[in-house]
Amino acid sequence: MSPTQQHGDDAVHHANWSKYNFMYYVKGAAAGGICCSVTHAALCPVDVVKTRIQLDPAKYSKGLIGSGRQIVAAEGVGALASGLGATAAGYFVQGWFKFGGVEFFKVNFAKQLGERRAWDNRTSIYLASSAMAEFIADLFLCPLEAIRIKSVADPAFPKGVAGGISHVVSTQGVAGLYAGLGPILFKQVPYTMAKFAVQGKAAE
């Protein structure tokens, strides 16, 4: 339990700061990275179909299942794994910085404010910590998400994360890897802020 989730006079004045060491943050980051990577990778086929529908709704107009069958019939079942490497890698890095970052910022805000003020302002700490962590995480996610989308949209796009990044940089420059940063931030930051604020309240 983080210091912002401790309550009562004894807890407020006697938080055990020593447990918030380097390994505490590494464990939180690793858990977040693994969970985000596994869950997003498992849903890769759904993401492939969804992206194809968004890119060409006239062609893929049969819903999730029907469009999935259409892709398999035209390109083989392997097409449903398009962008799998970029998805797994991207969301591992995102989860690492998001969950590790939230804990880092949350604990350090609490230290700076003092335990009583941190408890009184815990919701603001949840919101600020999650927004900062998600912003950093999305800077690492965006290039890999760009590769995932291009892999799904174009079957001829180079396979593999390294090949995809090299191709985009050589044809569009580094800026091509961050073309979708704005929409990602507008989607992910509010979602993450709400998620951790609700989680913090639920933990109380």
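As a reminder, the structure under discussion sits directly above these lines.
Parameters and conventions
Residues numbered from 1 in each chain as written. Predicted model: local features only at pLDDT ≥ 70, side-chain atom pairs only at ≥ 80, totals over all residues. Heavy atoms only, no water. Helix = DSSP H or I, 4+ residues; strand = E, 2+ residues; numbered from the N terminus. Buried < 20%, exposed > 50% of the residue type's maximum accessible area, 1.4 Å probe, protein only. Salt bridge = Lys/Arg side-chain N within 4 Å of Asp/Glu carboxyl O. Contact = heavy atoms within 4.5 Å.

Attention now goes to the environment of Phe22. By the element assignment, Phe22 lies in helix H2 (residues 22-42). Judged by relative accessible area, which is 64%, Phe22 ranks as exposed. Along the chain, Phe22 and Val168 lie 146 residues apart, while their C-alpha atoms are 36 Å from each other.

All chains considered together, the criterion is met by seven salt bridges. Between Glu134 and Lys98 there is a salt bridge, with its nearest N and O atoms 3.5 Å apart. Note that Glu134 is positioned in helix H7 (residues 122-153) and Lys98 in helix H5 (residues 84-113), a separation of 36 residues in sequence. For the pair formed by Glu134 and Lys98, the shared burial category is buried. With its nearest N and O atoms 3.9 Å apart, the salt bridge here joins Arg116 to Asp120. Here Asp120 and Arg116 lie together in helix H6 (residues 115-120), a separation of four residues that amounts to about one turn. Classification of Arg116 as partly exposed rests on a relative accessible area of 33%.

Moving on, we come to the environment of Phe135. Mapped onto the fold, Phe135 is located in helix H7. When its relative accessible area of 40% is taken as the criterion, Phe135 is described as partly exposed. Residues Phe135 and Leu64, 71 residues apart in the sequence, show an inter-C-alpha distance of 31 Å. Residue contacts for Phe135: discarding those within four places in its chain leaves Leu185 and Val189.

Scope: geometric values only; no functional claims are made or implied.
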